[in-house]
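Examining the three-dimensional arrangement
Listed below, chain by chain, are the residues.
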Amino acid sequence: MRGLPAGAQTLKAVKERGTLNCGVSQGLLGFSSMDDKNAWTGFDVDICRAVAAAIFGDPAKVTFMPLDAAARFAALQSNQIDVLSRNSTWTMSRESSLGLMFAGVAYYDGQGFLLRRDAGIDTALQLGGKTVCTQTGTTSELNLSDYFRANDMALKVLALGTAEESRKAYDDRKCDVLTSDVSQLYAERLKLSAPDSHIILPEVISKEPLGPAVRQGDDQWFNLVKWTLYSLINAEELGVKSATIDDAVKSPNPNIRRLVGTEGEFGEQLGLAKDWAARAVRAVGNYGEIYERNVGTQSRLSIPRGLNALWTQGGIQYAPPVR
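Anyway, here's the lowdown on the structure attached to this text. (Residues numbered from 1 in each chain as written. Predicted model: local features only at pLDDT ≥ 70, side-chain atom pairs only at ≥ 80, totals over all residues. Heavy atoms only, no water.)

A short note on the overall build of the protein chain
On a plain count of helices and strands, the protein chain comes out with 13 helices and 14 strands. Against the globule reference of 20 Å for 323 residues, the protein chain gives a C-alpha radius of gyration of 20 Å, in line with a compact fold. Counting only C-alpha atoms and orienting by the principal axes, one finds that the protein chain spans roughly 60 × 40 × 40 Å. Here the protein chain holds 323 residues, and the buried ones make up 53% of them. Taking as baseline every contact in the protein chain between residues at least 6 positions apart, the subset at least 24 positions apart corresponds to 70%. In the structure as shown, the protein chain presents an accessible area of about 14200 Å², 51% of it carried by carbon and sulfur atoms. Counting 35 positive and 37 negative side-chain charges, the protein chain places the averaged centre of each group 3 Å from the other. (Helix = DSSP H or I, 4+ residues; strand = E, 2+ residues; numbered from the N terminus. Rg over C-alpha atoms; globule rule 2.2 N^0.38 Å. Buried < 20%, exposed > 50% of the residue type's maximum accessible area, 1.4 Å probe, protein only. Contact = heavy atoms within 4.5 Å. Areas by Shrake-Rupley, 256 points an atom, 1.4 Å probe, with all protein chains shown as cover. Lys, Arg positive; Asp, Glu negative; His and termini not counted. Charge placed at Lys NZ, Arg CZ, Asp CG, Glu CD.)

Have a look at this one:
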């Protein structure tokens, strides 16, 4: 293929276009939503900005495409987007039957339940016979029926097309419970008419590893997206932040030197400049900075790091080394 590795077309197309086409949600606070100045913000948005910075040295060279759950994978398959960075769960069937590949886990999530505080329920095992609102075309639907069946509980489901419709139905008391990934429940709770009168139950009933997805068949692009994500996680582990990136470039630590491009040819191996990872961290910060700013302590969501803490801090976020 004109001197390129087999299938290596995506990076070439992105460079020629001059912008990265990134699929995001239609508006999930903390992950991908428009602010009052019509600028996209959020955790998933920052992952795409990091990829754009790694390629172009400019995090603004991204075109965001808002997609609902039903359209998201088709948009990737049909080349409308280069990467899907939209609270999507990595599952076997999505890779084996949809022709996709997940480039890593950006956010470890799990499905939970939100309900009114005055219902007097404090465990999901008390939800038998309740009407539960969920979104069609998501892993939540199957998880929900599995959980109720496994615990021999009666289930009434109200499945709606969008997250917004599900939330509105719950707010209008058309159902007793709202179920989705816990991160999404934190975001949806803020949009309810009286957020403090709703609780999220402690049970997490599924594994929902969320991360960026790409098409199968272009290993170079898969590696580029994967290692950009891993560079952000490694940067946090090595203490490299957006504000200290210039100091990191002078560091004698070989792990930091490989990460920021002062040693080795890791950028060139991805088809990028030597300082690809330094560009990404300078633009959006390391993984911890991205987390805290969008969904953690510095955000309205205030979601505890939990599993998304680094492996050295009691979580399971762990990136292979740049070497």
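On we go.
A closer look at the packing of aromatic side chains
Enumeration over the complete set of coordinates arrives at 14 aromatic pairs. Between phenylalanine 43 and tyrosine 291 the ring centres are 6.4 Å apart and the planes differ by 85 degrees, which places this aromatic pair in the edge-to-face class. Of this pair, phenylalanine 43 sits in helix H2 (residues 43–56) while tyrosine 291 sits in helix H13 (residues 287–294), and the two are 248 residues apart along the sequence. What makes phenylalanine 43 buried here is its relative accessible area of 0%. We classify tyrosine 291 as buried; its relative accessible area is 0%. One aromatic cluster is present, formed by Phe31, Phe43, Tyr107, Tyr287 and Tyr291 through successive ring pairs. Taking NZ or CZ as reference, arginine 116 lies 4.2 Å from the ring centre of tyrosine 170, over its face. Just above the ring of tyrosine 291 sits the side chain of arginine 305; from NZ or CZ to the centre is 5.2 Å. (Phe/Tyr/Trp six-rings, centres within 6.5 Å; stacked < 30°, edge-to-face > 60°. Lys NZ or Arg CZ within 6 Å of the ring centre and 35° of its normal.)

Quick notes on empty space enclosed by the protein
A complete count under the given rule lists 1 cavity of 30 Å³ or more for this structure. Space inside the largest cavity adds up to approximately 50 Å³. As for the largest cavity, its lining consists of Phe31, Phe43, Asp44, Ile47, Ser85, Arg86, Asn87, Ala106, Tyr107, Leu210, Gly211 and Pro212. In terms of residues, the lining of the largest cavity owes the most to one element, H2, which gives 3 residues. Taken together, the residues that form the lining of the largest cavity break down as 7 nonpolar, 3 polar and 2 charged. (1 Å grid on protein atoms, 1.4 Å probe; cavity = no way out; pocket = protein on both sides within 12 Å on 5 of 7 lines; lining within 4 Å. Points joined across faces, edges and corners; volume = space filled by probe spheres on them. Nonpolar A, V, L, I, M, F, W, Y, C, P; charged D, E, K, R; others polar.)

Considering the pairing of strand E10 (residues 156–160)
In this sheet, E10 lies alongside strand E9 (residues 131–135) in parallel orientation, the contact comprising 5 bridges. Of the residues in E10, the one forming a bridge with threonine 131 is lysine 156. (Pairing = 2+ DSSP bridges.)

Some words on the layout of surface pockets
Counted as a void, the largest pocket has a volume near 450 Å³. Every element with two or more residues in the lining of the largest pocket is listed here: helix H5 (139–150), helix H6 (163–171), strand E11 (177–181) and helix H7 (182–191). Reported here for the second largest pocket is a volume of approximately 310 Å³. Contributing to the lining of the second largest pocket are 19 residues, with Asp109, Val182, Tyr186, Val204 and Ile303 lying nearest its centre.

Some details on the sheet that holds strand E12 (residues 198–200)
Strand order in the open sheet formed by 5 strands is E10-E9-E11-E8-E12, and the pairing between neighbours is mixed. Since the sheet does not close on itself, it has two edges, and those belong to E10 and E12, each with one partner. Going from strand to strand, the sheet's axes swing by 25 degrees on average, the running direction of each strand aside. Of the strands in this sheet, strand E8 (111–116), E9, E10 and E11 are in contact with H5, which crosses E8 at around 80 degrees. (Axes fitted to C-alpha atoms, helices over the stretch in contact; angles between N-to-C directions.)

In short, the description is geometric, and any link to function would need to be established separately.
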